[in-house]
Amino acid sequence: MSYTTSQLMTTVVSSLLGDGELGFVGVGTSGRAGALAVGIPLAAGRLAQLTHAPGYDTYWANMVNPVFDELVGAGWLNQSRITGLRCAAAPPDISFKVDTLARGRFGAAFSSAAQIDRYGNLNITWIRGGGRQVRLVGSLAQPEHLAFAKRVIVLMDLSPRSFVTDVDYVTSVGHRSRGMTRDELGLPGGGPTWVVTDRALFDFGGLGSTMRLRACYEGFSVDDVVAQMGFVPEVDDRHEVLGPPDAEQLRLLRQEVDPHGALIEGSG
Amino acid sequence: MKDKITDLSEAIGRIGPGSSMLVGGSLLRRQPVAATHELIRQGTGDLDVSTWAASLPVDLLAAAGSMRAFRGIYCGLMQYGLAPNFRRRSEDRTLVVHDVSESVMTTMLRAAAGGLTFTPLRGLRGTDQLDSSDDFTEIQCPFTGETQVAVRVPRFEWAIVHGYAADRYGNVQAPMTRDTDDVDRFIAQAAERTIVTVERVVDHSHVLAEPTRTYIPHYLVDAVVEVPRGAAPCSCDGHYDHHDGFMRWYAEHARAGRTGEYLARAVRGTAEHTEFLDWLDDGTWEREA
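Attention here is on the structure that accompanies the text.

Quick notes on the rules
- All residue numbers refer to positions counted from 1 along the written sequence of the respective chain.
- In the order they appear in the text, chains get letters beginning with A and ligands get numbers beginning with 1.
- Only residues with pLDDT of at least 70 are given local features in this predicted model, and only at 80 or more are side-chain atom pairs given and counted; all residues enter the totals for whole chains, interfaces and linings.
- Excluded from the side-chain calculation are hydrogens and water; included are all heavy atoms of the structure.
- To pair, rings of Phe, Tyr and Trp, with the six-membered ring standing in for Trp, must have centres within 6.5 Å; the planes then decide the type, stacked if under 30 degrees apart, edge-to-face if over 60, and tilted in the middle.
- Strands here mean DSSP runs of E at least two residues long; helices mean DSSP runs of H or I at least four residues long; both are numbered from the N terminus.
- Under the scheme applied here, a residue whose accessible area is under 20% of the maximum for its type counts as buried, over 50% as exposed, and between as partly exposed, the area being computed with a 1.4 Å probe on protein chains only.
- Any Lys NZ or Arg CZ that is within 6 Å of a ring centre and within 35 degrees of that ring's normal is treated as a charge sitting over the ring.
- Two residues form a contact once any of their heavy atoms are found within 4.5 Å.
- Cysteine sulfur atoms are paired as a disulfide whenever they fall within 2.5 Å.
- By convention, the term buried area covers the 1.4 Å-probe accessible surface removed from two parts as they join, with the contributions of both added.
- Counting of polar contacts relies on pairs of N or O atoms within 3.5 Å, with two restrictions inside protein: one atom must be capable of donating a hydrogen and the other of accepting it, and residues adjacent in sequence are counted only when both atoms are side-chain atoms.
- Gly is put with the polar residues, along with every residue not named as nonpolar or charged; the nonpolar set is Ala, Val, Leu, Ile, Met, Phe, Trp, Tyr, Cys and Pro, and the charged set is Asp, Glu, Lys and Arg.
- Strand pairing follows a simple DSSP-based rule, namely that at least 2 bridges must link the two strands.
- Simply put, an axis is a line fit to the C-alpha atoms, just over the touching stretch for a helix, and the angle between two N-to-C directions goes from 0 to 180 degrees.
- Two distance rules govern patches: like charges are joined within 9 Å, and nonpolar side chains (Val, Leu, Ile, Met, Phe, Trp, Tyr) within 5 Å, applied only to residues with over 30% relative accessible area and no salt bridge.
- Areas reported as accessible are Shrake-Rupley estimates using a 1.4 Å probe. Residue values count occlusion only from the protein chains shown.
- When a carboxyl oxygen of Asp or Glu lies within 4 Å of a side-chain nitrogen of Lys or Arg, that pair is called a salt bridge.
- His is not counted here, nor are the chain ends, while Lys and Arg score as positive and Asp and Glu score as negative.
- Here the site of a charge means NZ on Lys, CZ on Arg, CG on Asp, or CD on Glu.
- For classification, angles of less than 35 degrees are called roughly parallel, those exceeding 145 degrees roughly antiparallel, those between 65 and 115 degrees roughly perpendicular, and all remaining angles oblique.
- Crossing handedness is defined as follows: a turn of the near helix away from the far one that is anticlockwise and smaller than a right angle gives a left-handed crossing, while the clockwise case is right-handed.
- Definition used in this section: a nonpolar core is a set of buried Ala, Val, Leu, Ile, Met, Phe, Trp, Tyr and Cys residues joined via side-chain atoms within 4.5 Å.

Here the focus is the packing of aromatic side chains. The final tally for this structure, using the stated rule, is 17 aromatic pairs over all chains. Look at tyrosine 59 of chain A and phenylalanine 106 of chain A: their rings are 5.4 Å apart centre to centre, the planes differ by 90 degrees, and that puts the pair in the edge-to-face class. With a gap of 47 residues between them, tyrosine 59 of chain A in strand 2 (residues 57-60) and phenylalanine 106 of chain A in the loop between helix 5 (95-102) and strand 4 (108-111) connect regions that are remote in the sequence. Phenylalanine 106 of chain A matches tyrosine 59 of chain A in its accessibility class, with the two residues each being buried. Relative to tyrosine 215 of chain B, the ring of tyrosine 164 of chain B lies with its centre 6.1 Å away and its plane at 70 degrees, an arrangement referred to as edge-to-face. Residue tyrosine 164 of chain B is found in strand 10 (residues 158-166), and its partner tyrosine 215 of chain B is found in strand 13 (residues 214-216); the two are separated by 51 residues along the sequence. Take tyrosine 164 of chain B and tyrosine 215 of chain B: they sit in the same class, and that class is buried. Above the ring of tryptophan 126 of chain A, the side-chain terminus of arginine 135 of chain A is found at 4.7 Å from the ring centroid.

What follows is the structure, given as C-alpha cells:
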C-alpha cells in the first residue's frame, strides 16, 4: 500500500505518544513548515487517541482538547473556524498556557526549526554568516518548550543546511549550550528526546547526550541519511529499519483523521 | 466614570513621537490596524514598539519608518509568510530587535501591571535571547540560591488595542465565544495609557448586565473610539475573518518592496478608516498589480 512521507512521519510521532499524556501544539502556518510544526503533531495525537492512547490530550493554541473533527478540513486556519471550535477549556488569556508550560505540566511538546545541532539546540530566530543576517520568525514559546516540557518531539526534514554543526542562534537549548549541560543551566524539563525526520528517527542517546540514529525508514540506508546532515550523528548497531505504516493506521489517517490532507500535507 | 469617546485622529494624536508603545492582538487576530494607519497618517515616528505575536501593524510601521525598536515573541504574516518590511529593517539593522520568548513577555507585562521593576524567570539560561537586549541579567534566588534570569520591566507609555465592544466609559467586553490566544488584558494593565478601538460602542446597561465579560475595565482606558472593522484586513474573532485575497496581495507587494504604494494610496491617501475600507472592499488593489 502506498503512503506519503507525511503519513509515515505521523504514524511515527503517534507511536511516541502515551495514554494520559498532555501534549502541546502551537498555532502554525501553512505549507510544509506548518505541517511539521502543527499539522502532523495534531494528526498524530488524534491517531494515538484512536489506537493505543485513548486518553491522550491536546492543548492547541489556547484551547484544551478542541473537538478534533471540527478542526480538520480545508480552511482550518480561518479565524471563524478557530473561534467556533468547541473545547474542554478556553482559558481567559494565553499566560495560562505559558504558566502551564513553565510548571512542567506538558508531557509532550512539538517543535520544528530552521536549524538543529547535535545537542538538539534549535534556531527559529536568525540565520547569520558571511556578514549577512536573515530574519526568521522570532522565539515564540520554543525556549520554554525545550526548557520545561517533560519531552520534546522535534519534526524536521533532513538537510545539511538544517542539521548543522552549530546553530547560528540558540533560540532554544537542547542538551548542551555554551559548554553547559541542562542540569548546569537549571533546565528542569527533558529537552529534545526525539527527532522525527523524512528519512530517519533519532534520539539523544549518543555520547554526551548527542543525536543518535535510532531508525532509518524503509528504503533509506545510513549513508542516505547521513548524506543529508551537516554533522555525523552517533550510529551504533542498535538502529533499526522502520517499515511502512500498517494498513489500519493508514485507513484511520485517510478516512478519519485527515481525509483532505489539510493537516499533514500542509494544504490547509 | 468619565466619557472617553473620541475620534481616531484625536486619540492617536495624543501619542507623541519617540513613545514606547504596546500593540495588542495576536497573529492575524484583533490587530489595531485602523489605529496603526492613523499613526502613519500623522507621521508619528521613532516609536519603541512592544507586542505579543505581531503581524500587519508592525510590518506597516516598519515600512513607514515609524519605529526605532521592536520587542515581541514573533513578527510575521502567519500563513502569508514572514513580514517583509520588518524583515528588511531588522536585517539591515535600521531597526533594533529585542527578541523575547513567551514567558518573558507574559511575565514582563504582568510585572508591569503590578508595578515591579524586574521579575525573575527560570528556564532561559543558555539561550541567545539573553544577549539580544539589556532586558536580562542573571541573579541568584535569595531563598534557594538557584541561578535565574532577572527580566527588566520596561516603561510602556501607551497601548493601542482593538476590542469587540465597549461602553462610552471604556469598559471593554468580550463575547462569550472568542479566541483567547492573546494578552490584550495585560497589555492594558501594563501600559500607562491605553487607547481602545472597538467594533461597536454599547450602552452601559449591557456592561452592567454581564460584568464578567469586561476584560479591560474603564479605569485602564483613556480613549474609546468606535471603529467598525478596525482590525481589517486582519480578523476580529466573532465578527469577521481576515481578508485572504488582500493578505496574499499585501505579502506579495511587500516582498517586492512595494508597500510604499499601499501607504501612499490606502493610508496617507485616505482621511479615515471608512475610506480605507471602501478601497479594501472595491477591490481596485487587485488591478493595481
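This part covers the environment of proline 228 of chain B. Residue and element names in this part refer to chain B. Along the chain, the position of proline 228 falls in the loop between strand 14 (223-226) and helix 8 (244-255). Taking relative accessible area as the criterion, proline 228 reaches 46% and is therefore assigned partly exposed. Setting aside residues up to four positions removed in sequence, proline 228 forms contacts with Val198, Glu199, His273 and Leu277.

Looking now at the state of the cysteines. Scanning all chains against the criterion turns up zero disulfides over all chains. No disulfide involves cysteine 75 of chain B; its sulfur sits 11 Å from that of cysteine 234 of chain B, the nearest cysteine.

Turning to the interface of chain B and chain A, a few remarks are in order. Taken together, the 48 residues of chain B in the interface contact 49 residues of chain A. Both sides together, the interface formed by chain B and chain A hides about 4000 Å², and carbon and sulfur atoms give 51% of it. When the area that chain B buries against chain A is broken down by residue, the three leading residues are Glu102, Arg125 and Asp128 of chain B, summing to 14%. Connecting chain B to chain A are 31 residue pairs in polar contact (both at pLDDT 80 or more). Among the elements of the structure, strand 5 (74-75), helix 4 (84-91), strand 6 (96-99), helix 5 (102-113) and helix 6 (184-190) of chain B are those that each provide at least two residues to the side of chain B that touches chain A. Here the residues of the side of chain B that touches chain A are counted per class, giving 14 nonpolar, 15 polar and 19 charged.

All right, on to the sheet that holds strand 7 (residues 118-121) of chain B then. Residue and element names in this part refer to chain B. The strand order across the open sheet formed by three strands is 7-9-8, and the pairing between neighbours is antiparallel. Because the sheet does not close on itself, it has two edges, and the strands there are strand 7 and strand 8 (136-140). Ignoring strand direction, the axes of neighbouring strands in this sheet form an average angle of 40 degrees. One ladder, built from five bridges, connects strand 8 with strand 9 (residues 147-152); its direction is antiparallel. Within strand 9, the residue paired with glutamine 140 across the bridge is threonine 147.

Residues and elements named next belong to chain A. Pairing is mixed across the open sheet formed by nine strands, whose spatial order is 3-2-1-4-9-12-13-14-15. Unpaired on one side and paired on the other, strand 3 (63-64) and strand 15 (240-242) mark the two borders of the sheet. Across four bridges, strand 4 lies against strand 9 (residues 151-155) in parallel orientation. In the sheet register, serine 111 faces strand 9, and the bridge partner there is valine 154.

With that settled, consider the pairing of strand 12 (residues 193-201) of chain B. Residue and element names in this part refer to chain B. The sheet contact formed by strand 10 and strand 12 spans eight bridges and is parallel. If you follow glycine 163 over to strand 12, its bridge partner there is valine 198. The pairing of strand 12 with strand 14 spans four bridges and is classified as parallel. Bridged to isoleucine 195 within strand 14 is alanine 223.

It is worth spelling out unusual backbone geometry at this point. Residue proline 233 of chain B is bonded to the preceding alanine 232 of chain B through a cis peptide linkage, with omega at 10 degrees. Mapped onto the elements of the fold, proline 233 of chain B is located in the loop between strand 14 and helix 8. With a phi close to 50 degrees, asparagine 65 of chain A is a non-glycine residue in the positive phi region. Among the structural elements, asparagine 65 of chain A can be located in the loop between strand 3 and helix 3 (68-71). By relative accessible area, which is 28% here, asparagine 65 of chain A ends up partly exposed.

This paragraph deals with a negative patch on the surface. Residues and elements named next belong to chain B. Taken together, the side chains of Asp7, Glu272, Glu275, Asp278, Asp282 and Glu288 make up a negatively charged region of the molecular surface. Positionally, glutamate 275 belongs in helix 10 (residues 273-282). Using a relative accessible area of 36% as the deciding quantity, one classes glutamate 275 as partly exposed.

Here we take up the packing of helix 1 (residues 5-15) of chain A against helix 9 (residues 247-257) of chain A. Residue and element names in this part refer to chain A. Running from amino to carboxyl end, helix 1 crosses helix 9 at an angle of 110 degrees, the nearest separation of the two axes being 11 Å. Relative to helix 9, the element helix 1 is oriented roughly perpendicular. In terms of crossing hand, the pair formed by helix 1 and helix 9 is right-handed. Along the contact surface, helix 1 presents Gln7, Thr10 and Thr11, while helix 9 presents Gln249, Leu250, Leu253 and Arg254.

Quick look at the nonpolar core now. Core analysis: the biggest nonpolar cluster contains 142 residues, and Trp60 and Val196 of chain A together with Met21 and Tyr262 of chain B have the highest contact counts within it. The contacts of tryptophan 60 of chain A, once residues within four sequence positions are left out, are Val25, Gly26, Val27, Val38, Leu42, Pro66, Leu71, Trp76, Ile82 and Leu85 of chain A. Of all hydrophobic cores here, the second largest spans 22 residues; its members include Ala113, Leu146, Phe163 and Met229 of chain A.

This part takes up the environment of aspartate 203 of chain A. Residues and elements named next belong to chain A. Take aspartate 203: it is sitting in strand 13 (residues 200-206). A C-alpha to C-alpha distance of 29 Å links aspartate 203 and methionine 63, two positions 140 residues apart in sequence. If we skip the residues at most four places from it in the chain, aspartate 203 touches Thr193, Trp194, Thr210, Met211, Arg212 and Arg214.

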